[in-house]
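# Structural description and commentary
Spelled out from the first residue to the last, the chains are:
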Amino acid sequence: MNQIYILCVDDEADVLEAVERDLATMEEVFPLEIASSADEARQVLERIDAQGAELGLIFCDHVMPKETGGEFLSWLDGQPQWKRSRKALLTGQAGLEATVSAINNAGLDFYVSKPWTQEGLLQAAKRLLTDYVISRNIDPLPYMSILDATRLAEHSYKRGLISDT
Amino acid sequence: MDDSLKSVFSESTLSEEGMRALVEALPQLKGSRRRFQEGETILREGELNDSLIILMEGRARLLKLDESGCSLEVDTFGPGALLGLTSFWGKTEVFASVVADTEIACVSIDRQLFDSLTAERPDFVRAVQGLFVRNLSDRYRNMIRSQVARDKLSAQLESERNQLRDTLKRLEETTNRLVNQEKLATMGQLLAGIAHEINNPVGALLRGIESAKDALEKAVRMESEGEVEQELIREGWECPYWSPEEKRTRMDAVMVDFQGVGRPMARRMAQLTDPALKLIGPYVKRKSKDLDRLLAVYELGVCFRAVRLSGGRIGKIVTSLRNYGKQGGSEWEDSDLVEGIRDTLTVLNNRLKRYELSLDLSPLPKVSCNLGEVNQIWTNLLANAMDATEEGGEICVTAIQEGEEVLVRIEDSGSGIDPDKLEKVFEANFTTKNSSGSFGLGLGLSISKEIVEKHGGSLVASNRSQGGACFEARFPVVG
C-alpha cells in the first residue's frame, strides 16, 4: 500500500501546532507532515517524492512571507506529480479576490476560514482524501475505516473491485 | 448776443449759468421746456430720436442692454449734459437709453426748432458746432480712457483669479489634511475602544488559563502521589513551539530509540521536552497502560500553554493597536521612538511579512514628541517603501543615536526616486501612485515632513547607491 501524505503549511507556529494536533488522528492511516513556509513545503515534498509516496491533501495558510499560499498552491497545481493532490486553503484573511484567484489558478478544492473547528477540519480532510483515493483509483480497502466508506464502496462496486456475489 | 452764446457753449457741457443764459438768449426755447418723472425713459434704445435734449435740472442714467437683455448702467448725466446728440445728428437709432434718475427738467429742441434756429442764428450754428465737436472729442477720449482702464482691470482680474486658484488649491490641501486628521482621530478612538473591549476577555482568558493550570496541578496531586503528572503539566506549560524541522528530527529520534513506535505515537512523543521524555520513556518501554493517560496530561499542559501564549499574543497586538491609535491625540511626552516603531511594525505586520525586513533598533534616549503623530511618519514611510518595492524585496529600519540627535532611517530596495524629484516628493499632492491604492492622496510625505519639523527635526530623501530609496528622519534628543 502506497503512503498517502497530508501536508500542513503555516508560518505561525501556534496555528501549525493546533492544525497538526487536530489532524493527528488521521495519521493512523495518512502520515502527516508539517512545514512553516512554501520553501520548506517543497523540501518536504521532495522527500515524499523520493520515498515514492504520494501527497493526498495539503492544507495551506494563505498569508505567508515571501510566497502566499495561493501562489504556492498554484505552483503545486502546475507540477505533474502533485496536480491531483487535493488542495485546501486555510486562512484568516484572504479576501474574496484571493479566494477567487486561488480557485481559478491554483486548482483549489476547499477553503477553510480561521478560526476553524477540529470537526470541520477532519470532515474536510476525509472528504478530500476520499475524492483523492477515488480519483487515483487506489484500492480503497485500507481507507474504509477512516474515510467515507459509503462513497468508497460505491466507487469500488462500479469499478468491479468489489463484487457482491 | 454773439458774445453771450460763445460763453454759453465754451465747454462740452453747459454750466448752470450757461444754461440760464442760453434759455434767456434764445426766447424760442421757452416753449420747448419739458419735465420727466423719476424712472421715466427720456430716450429709448433702438428707437429713432428727433430731438436734442439739454438737461437742466436733475440726474439721468445712460443704460445699455446687454446680450441677455439686462440693462447695464454705463454713465450718469447731470445738469448741462447734451442728450441724444449722435442719434439726432446722425438720424440713427438711439444707441443707449436715457432714464430719469430723479425728477428732471430739460429743454428738448426738435428738428424743426433746430432748423429754424440754425437758419435764424448763425452764431447758434457756430456755437453748437463747437460744442458738438468738443462733446464728441470728449467721448472719444473717454472711450480711450475706459479701454485703458479695462485692460488694467483685466490684468488685475487675471491676477486675482490666479490668487484665487492658489487659495483654492491650498484650501483643498487643508481640507484633505483635516479629513485625514479626522480619520486618524476617529480610527484612534475606534482602536482604543476595540482594544479595551478585546483586552477584557483576553485578560480573563489569561487569568483563567493560569488558574486552570494551577487547579489541574492540585487535582492530579490529590488523586495519587501525582508527582510525575505534576511535573508533566509544568513541562507542557513551558514547552516551546518546535519548528517543523525540530519536530521531524525528534520524531525520527523517537522512532530509533523506541522500536516499534508508530508515527502517531512518535508525533506525540516528539512534542515532549527532554525532561518530560525522560519521565515518560520508561512507560513507553514497558508498554504501560498509563502511557496514554500521562501523555494526555502533558498535552493538557501544552494546550494550556498554547492558550497562554496565543492570548499573550492577542494582548500584545491589542496594546500595539492602542498605542498606534493614539494618533490624533495631542499629548506630548518624552517617548521612546523605538516603541512606536515596533507598534507600527506590528500594525503593518500583515503586509510587511511579505518583505525581507531587517531591523537595527538600538536603545535610544527619549525624544519629546507626540508619539501618535510620529507613528504616522513610520506608517507613511513604510507604506511608501512597500509600495515602491516588489514583494520579497528588502526593507531596512534603523534607529540610532547620532550626537544630540536620534536618527531613524527607512530604506528599501525598490525603484528609488527620480533624482530631480528628491525635493518634490515632500510637496503636497505629489504622488506617483495611481488611484488604485487606498491612499495615494499625495499627502503622506508632506504630512510626515511637517510632523518631523514640528518636532524640531528634519526629514530627507535620498537614493541608495545599491538602488532603492532612503528616508532619514532626525529628532533632537530631550536635553
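Residues numbered from 1 in each chain as written. Chains lettered and ligands numbered in written order. Predicted model: local features only at pLDDT ≥ 70, side-chain atom pairs only at ≥ 80, totals over all residues. Heavy atoms only, no water.

Identification of chain B as histidine kinase from Pelagicoccus mobilis is taken from an unreviewed UniProt entry. As recorded by UniProt, the Catalytic activity (unreviewed entry) comment attached to chain B reads in full: "ATP + protein L-histidine = ADP + protein N-phospho-L-histidine." (UniProt positions renumbered as here; feature names shortened; annotations may be inferred.)

An unreviewed UniProt entry annotates chain A as Response regulator originating from Pelagicoccus mobilis.

It is worth spelling out unusual backbone geometry at this point. All names here are of chain A. At the junction of Lys-114 and Pro-115, the peptide bond is cis and its omega measures out at -5° in the coordinates. Mapping Pro-115 onto the fold places it in the loop between β5 (110-113) and α5 (118-135). Phi at Lys-66 is positive, roughly 65°, even though this residue is not glycine. Within the fold, Lys-66 resides in the loop between β3 (54-61) and α3 (69-77). Using a relative accessible area of 53% as the deciding quantity, one classes Lys-66 as exposed. (Helix = DSSP H or I, 4+ residues; strand = E, 2+ residues; numbered from the N terminus. Buried < 20%, exposed > 50% of the residue type's maximum accessible area, 1.4 Å probe, protein only.)

The next point concerns the sheet that holds strand β6 (residues 82-83) of chain B. The pairing of strands in a sheet happens through backbone hydrogen bonds and is either parallel or antiparallel. Residue and element names in this part refer to chain B. The strand order β1-β8-β3-β6 describes an open sheet built from four strands, whose pairing is antiparallel. Each edge of the sheet is formed by a strand with only one pairing partner; in this case those strands are β1 (33-36) and β6. Here helix α4 (residues 111-120) sits on the sheet and contacts β3 (51-57) and β8 (104-110); the angle it forms with β8, its principal contact strand, is near 65°. (Pairing = 2+ DSSP bridges. Contact = heavy atoms within 4.5 Å. Axes fitted to C-alpha atoms, helices over the stretch in contact; angles between N-to-C directions.)

What follows covers the pattern of salt bridges. Note on pairing: side chains with opposite charge can pair once their charged atoms come close. Residues and elements named next belong to chain B. Per the stated rule, a full pass over the model turns up 52 salt bridges over all chains. Its salt-bridge partner being Lys-213, residue Glu-217 comes within 3.2 Å of it at the nearest N-O pair. Highlighted residues: Glu-217 and Lys-213, both in helix α5 (residues 122-223), separated by four residues, approximately one helical turn. Lys-213 matches Glu-217 in its accessibility class, with the two residues each being buried. (Salt bridge = Lys/Arg side-chain N within 4 Å of Asp/Glu carboxyl O.)

Looking now at the UniProt feature "modified residue: 4-aspartylphosphate" (unreviewed entry) in chain A. Residue and element names in this part refer to chain A. This chain's UniProt record puts "modified residue: 4-aspartylphosphate" (unreviewed entry) on Asp-61. Tracing the sequence through the fold places Asp-61 in strand β3. Setting aside residues up to four positions removed in sequence, Asp-61 forms contacts with Val-9, Asp-10, Asp-11, Gly-69, Leu-89, Leu-90, Thr-91 and Lys-114.

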